[in-house]
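# Coordinate analysis (summary)
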Amino acid sequence: MRRPRRDDEAPERVETPRSGHQRGRQQRGAVRPSPESTGGGGSDLTPLGPVGTDRVRVIPLGGVGEIGKNMTVVEFGQDLVLLDCGGKFPEDNQRGIDLIIPDVTYVAERMRNFRGILITHGHEDHIGGLPYIIPQLKSSTPIPIYGPALALGFIERKLLEARLEDQVDLREVKGGDTIQLGEIKAEFIRVTHTIPDACAIAIHTPVGTIVDTGDFKFDPTPVMGKPTDEAQLKRIGNDGVLALFSDTTRVETEGSTPSEVVVQKRMEEVIGKAKAQIVIATFASNVSRIHMAISAAVKHGRKVAVAGRSMEQNSRVALDLGYLDPPDGVLIPLDELLRQPKEKRIIVCTGSQGEAAAALARIAAGEHPKIRVSKGDVIFVSASPIPGNEDTVSHTIDNLFRQGCDVVYSAIDRGVHVSGHAGRDELLKMIRLLRPKFAAPIHGEYRHMMLYRDLCETSGMRRENVLMPEIGGVIEFTKDSANQKGRIKAGNVLVDRLGDREEGQVVLRTRENLTRDGFVVVTIVLDRVSGELIAGPELVGKGLPPELNANVLREAEGELRRTLERKKKGSPQYGYIVQRTKETIGRALYRRSRSRPLILPVVTEL
Ligand SMILES: [Zn+2]
Ligand SMILES: [Zn+2]
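First, a word on scope: everything that follows refers to the structure included in this document. What you are looking at is a predicted structure, and each value in this text was computed from that prediction instead of being measured. Numbering of residues begins from 1 in every chain and follows the order in which that chain's sequence is written. Chain letters start at A and ligand numbers start at 1, both assigned in the order the entries are written. Local features in a predicted model are, by the rule used here, given only for residues with pLDDT of at least 70; side-chain atom pairs are given and counted only at 80 or more, and totals for whole chains, interfaces and linings are based on all residues.

## Quick word on the overall build of the chain
Secondary structure summary: the chain contains 17 helices and 26 strands in total. Two residues form a contact once the distance between their C-beta atoms, set from the backbone, is within 7 Å. Nonlocal contacts in the chain, meaning residues at least 24 apart in sequence, comprise 77% of its contacts between residues at least 6 apart. Per the convention used, a helix needs a DSSP run of H or I reaching at least four residues, while a strand needs a run of E reaching at least two, with both numbered from the N terminus.

## Concerning the pairing of strand β6 (residues 114-118)
Exposure classes come from backbone-placed C-beta atoms, where a residue is buried if 20 or more other C-beta atoms lie within 10 Å of its own, exposed if 12 or fewer do, and partly exposed in between. By the criterion of burial, β6 is predominantly enclosed, with five of the five residues buried. Paired strands are those between which DSSP finds at least two bridges. Inspection of the sheet shows strand β4 (residues 79-83) paired to β6 by four bridges, in the parallel sense. Note on β6: the bridge partner recorded for Val 81 is Gly 116. Strand direction decides the pairing type here: β6 and strand β7 (residues 143-147), joined by two bridges, are parallel. Directly across from Ile 117, in β7, lies its bridge partner Ile 145.

## Quick word on the sheet that holds β7
Read across the sheet, eight strands follow the order β8-β7-β6-β4-β3-β2-β20-β21 without closing on themselves; strand pairing throughout is mixed. The strands lining the two open edges of the sheet, one partner per strand, are β8 (168-172) and β21 (482-487). The sheet shows a mean angle of 25 degrees between the axes of neighbouring strands, taken without regard to direction. In the packing of helix α5 (residues 149-161) onto the sheet, contacts are made with β7 and β8, and the angle to β8 comes to roughly 160 degrees. Geometry is summarised by axes, namely lines fitted to C-alpha atoms with helices restricted to the contacting stretch, and by angles between N-to-C directions that run from 0 to 180 degrees.

## Considering the sheet that holds strand β25 (residues 533-542)
Taken together, the three strands give an open sheet; going across it, the order is β25-β24-β26, and neighbouring strands pair in mixed fashion. Each having just a single partner strand, β25 and β26 (598-605) make up the two edges of the open sheet. Recorded for the sheet is a direction-independent mean angle of 15 degrees between the axes of neighbouring strands. Pairing of strand β24 (residues 519-526) with β26 involves eight bridges; the strand directions are parallel. Across the sheet, residue Val 521 finds its bridge partner in β26, namely Leu 600.

## Observations concerning helix α14 (residues 446-458)
A helix's residues, less one, multiplied by 1.5 Å, set its expected span. For α14, built from 13 residues, the straight-helix expectation of 18 Å at 1.5 Å per residue is met to within 8% by its first-to-last C-alpha distance of 19 Å. Of all the positions in α14, only His 448, Met 449, Tyr 452, Arg 453, Leu 455 and Cys 456 are classed as buried. Summarising the axial view, the buried residues of α14 lie within an arc of 160 degrees, below the 170-degree limit, and thus occupy one face. In α14, the exposed positions angled more than 90 degrees off the buried face are occupied by Arg 447, Asp 454 and Thr 458. In this structure, the buried residues of α14 make contact with β13 (243-247), α13 (424-434) and β19 (438-442). Just past α14, the residue Gly 460 takes up positive phi, approximately 100 degrees. The arc refers to the directions leading from the helix axis to the C-beta atoms.

The structure is reproduced here in structure tokens:
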């Protein structure tokens with residue numbers, strides 16, 4: 001299933017380490033965990049002994065008080081499992097950071113009891129951390145990863161690319177399956193979302209059952225797969241649920257989330273009316289939207305190609321596993337599609353979040369190596385901006401309008417995208433099916449979690465039975481109580497890829513080792529129209545080793561200035577400048593000092 005990298009396509013901003021492709025097995029040693037990984041120190045942290053068999057311990061390592069990097073530890077007796085292993089996209093103001101992952105020190109210190117990773121579904125915020133976390137979980141035997149087939153397909157691709165495939169043992173499960181992990185039993189439950197094969201997971205222990213809903217809605221007419229298995233949820237509820245950890249992303253919205261069918265209908269209407277080329281932008285893992293594009297293409301006599309490396313790879317996985325099954329000649333390679341007349345083309349691409357390196361932003365900036373858009377073309381942005389990405393998304397949409405395109409996007413057309421997450425009525429329905437003793441909001445920011453607590457009260461639960469989990473906050477349940485018991489070492493680990501030419505190294509940074517390596521802020525001011533340098537680059541260092549003195553910084557500045565001046569004229573491509581800055585400065589400083597401070601480019605356009 002591996003396909004060679006296409007060098008003419010920009011790698012996605014958040015992906016597996018690119019070096020795996022080019023550098024072969026060197027990657028394996030290249031992920032440098034933080035030196036604190038063996039420590040677990042810190043004065044405000046709670047020393048925790050074994051959990052014993054009279055209670056079950058749950059610790060969220062990510063995904064609470066934030067959207068992204070979902071990961072939760074569940075521990076009973078001698079057995080510990082991880083639910084999901086997500087990454088988080090950096091926000092607009094975190095340029096220079098490639099990905100954020102949870103700190104897994106707690107798990108790495110308890111590998112004797114570690115029984116495996118259970119995956120709810122194949123979205124990045126649930127699987128994106130794996131290539132960086134697997135090497136930190138030093139295990140003499142392959143680490144079992146249990147999950148639905150499509151998620152495992154995506155995971156396999158990521159881990160092959162990172163050359164980590166023999167460090168894991170991928171085991172497929174389906175909704176309805178139960179697996180035994182020591183004394184813990186994990187039961188998978190089919191739910192609907194925006195990706196086929198999503199599951200909730202019930203963890204059965206002798207103390208009681210903990211349910212993690214994963215991402216869900218109750219879509220009665222999913223475009224792929226079957227509806228949420230309400231009978232199984234009800235049965236689990238009847239048997240008794242100690243605690244429900246529920247998705248809360250969409251708790252602000254009344255009623256139920258519309259079905260995916262809404263998007264399918266709208267996409268067909270838009271495509272039916274269009275006279276020229278169609279470009280559909282969505283997440284690379286959104287297989288259902290590719291499926292919809294294919295059925296619309298069949299209906300309206302068009303052909304489909306996907307653009308963007310991760311989109312190509314994911315659609316290949318979905319084809320191989322039979323999730324996509326287009327009639328012959330409908331899904332064709334991009335080059336072939338571009339030889340068709342414009343009115344026959346549908347291009348499905350990445351970049352719905354405005355990511356600078358992804359296809360849509362490059363198309364919008366007129367910098368895509370192959371795809372050109374012009375007056376009359378229709379761009380269908382089938383996603384809504386993740387909070388924090390609004391600016392880059394707006395910038396991309398502006399550029400598309402400038403090129404003369406008709407852009408259909410979520411702010412002006414509610415049919416282009418529907419959420420994959422449950423509205424209030426559906427969240428209540430989940431509570432009523434499971435009737436838990438305790439509940440805890442996850443997959444939400446703080447306000448979502450507070451609103452969920454109110455919602456639980458309206459369902460008849462006692463307010464004090466709704467916990468507010470924190471990253472690293474320890475919750476212990478007995479048969480009839482829930483106690484929040486202090487904190488363990490947890491938080492953000494920054495994934496810093498050092499660029500293509502830096503021998504494929506990936507450095508993982510915690511707040512602590514930032515003080516050790518220091519960081520360099522690179523200020524650049526560009527002319528918004530011509531892209532010419534107005535001021536800078538200027539390097540300011542903080543906490544740098546003595547070898548990185550002022551002279552060395554000046555030399556690196558000069559190197560970067562020459563690189564930027566060589567860039568061809570024209571509207572600056574923000575992401576490109578950020579990337580080149582990181583690469584050039586990172587390389588220059590490493591050559592002179594063998595140290596790797598974090599490079600933070602600050603690019604201002606005037
Ligand atoms: Zn999801
Ligand atoms: Zn999610």
